[in-house]
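# Topology and contacts: notes
Here are the chains, one letter per residue:
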Amino acid sequence: MSYVQNRQRLIRLIRIYPVIAIAVLAAAYLLGGFTDQVDPLIPQEVVITALYLFVGAVPLVFIIAFLIIGRVGDKAALKNNNHTDKLNYQSGFDLPVEQMHGYKLALITGRTPTLTGLTGDTYLSDSSAKCSINSEHVPPVAQCECGFYAYSDIDEARFEGSINPGAFLLDVDLYGVGFKYARGYRAETQVVNELITPRRCQFCRTLPAKVFVTIYKLGYDDTSWWQWQIRCVICSSSFKEADKLSVAQMSEKLSLLIT
Ligand SMILES: [Zn+2]
Ligand SMILES: [Zn+2]
């Protein structure tokens, strides 16, 4: 099984950890761990020790599993980058051709709405990648990390979206020189075809999403920024008109189809 699937599994397990923790607490209570019963079913010390072990050991297991999966992922990326010997093509026309269609996540930030990748780079709906490490690079460079990234699988993009609340799903086409990696593509230029909004409000997660609102976010180290969310009628009602945009207005600001 790939490290991507392992990572997804681990995150899903962490999500059910609180439920398991409550079940364990309930079991400890029922077994007499919190009462002064004279003759409990299982000795109180055993219950309490098991509880401590659970609270201490399980998160530790999660941390170790994350470290291992992270290392495996780094190794896979390195191995992928070391395949440059395969890139000896006599002419650009000999390069294999493949349509690079994919999905990615982006935030909408700024007073004037701007697409911002999860790594913090801003881009237009149609743009060429720039390398932040080496200005001489024309991305993507095989040995570097530059270029536009996209997942080839929408389910993987959706899963990443579920652990990045506030991010929007983008449907993109990548052009120019591109590389395939385990999860999708990395390429020179990117055209965003559409922004797929979540069906439910990003605040209450219950009612249908209707209108974009902007929130002032305070970060560490004196950083602060405006971030746009799509909310339901109720969760957006307290916002000033200046801090709201309809879907059509947002679509115009980003020059992008919003569905
Ligand atoms: Zn680079
Ligand atoms: Zn709401």
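This one's a predicted model, so the numbers in the text were calculated from it and none came from an experiment. (Residues numbered from 1 in each chain as written. Chains lettered and ligands numbered in written order. Predicted model: local features only at pLDDT ≥ 70, side-chain atom pairs only at ≥ 80, totals over all residues. Heavy atoms only, no water.)

It is worth spelling out the coordination of the zinc ion (ligand 1) at this point. Within the protein, Cys131 (SG), His137 (ND1), Cys144 (SG) and Cys146 (SG) serve as the donor atoms for the zinc ion (ligand 1), at 2.1 to 2.4 Å. Given 4 donor atoms and angles of 103 to 119° at the metal, the environment of the zinc ion (ligand 1) is assigned as tetrahedral. As a motif over one chain, the donors of the zinc ion (ligand 1) read C-x5-H-x6-C-x1-C. One end of the pair, Cys131, is in the loop between strand 4 (126-128) and strand 5 (148-151); the other, Cys146, is in the loop between strand 4 and strand 5, with 15 residues separating them in the sequence. Owing to a relative accessible area of 6%, Cys146 belongs among the buried residues under this scheme. (Donors = N, O, S within 2.8 Å, 3.2 Å for Na, K, Ca; no water. Tetrahedral: all angles 85-135°; square planar, octahedral: opposite > 155°, others 65-115°. Helix = DSSP H or I, 4+ residues; strand = E, 2+ residues; numbered from the N terminus. Buried < 20%, exposed > 50% of the residue type's maximum accessible area, 1.4 Å probe, protein only.)

A word on the coordination of the zinc ion (ligand 2). Around the zinc ion (ligand 2), the protein contributes the donor atoms Cys201 (SG), Cys204 (SG), Cys232 (SG) and Cys235 (SG), which lie 2.2 to 2.3 Å from the metal centre. In this structure, the zinc ion (ligand 2) is surrounded by 4 donor atoms whose angles at the metal cover 99 to 119°, and the resulting shape is tetrahedral. Between consecutive donor residues of the zinc ion (ligand 2), the sequence gaps follow C-x2-C-x27-C-x2-C. Highlighted residues: Cys201 in the loop between strand 7 (184-196) and strand 8 (211-218) and Cys232 in the loop between strand 9 (224-231) and strand 10 (244-246), separated in sequence by 31 residues.

Further remarks concern unusual backbone geometry. Between Pro139 and the following residue, Pro140, the backbone shows a cis peptide bond with an omega angle of 0°. The residue Pro140 is located in the loop between strand 4 and strand 5 in this model. Within the chain, Arg205 stands out as a residue other than glycine whose phi angle is a positive 60°. Considering the arrangement of structural elements, one finds Arg205 in the loop between strand 7 and strand 8. The class for Arg205 is partly exposed, based on a relative accessible area of 46%.

Moving on to helix 1 (residues 3-30). For an α-helix the count is 3.6 residues per turn, leaving residues at separations of three or four pointing the same way. Between its first and last C-alpha atoms helix 1 spans 39 Å; for 28 residues at 1.5 Å apiece the expected length is 40 Å, and the two agree. Along helix 1, the positions that sit buried rather than exposed are Tyr3, Val4, Gln8, Leu10, Ile11, Tyr17, Ala21 and Ala28. (Expected span 1.5 Å × (residues − 1).)

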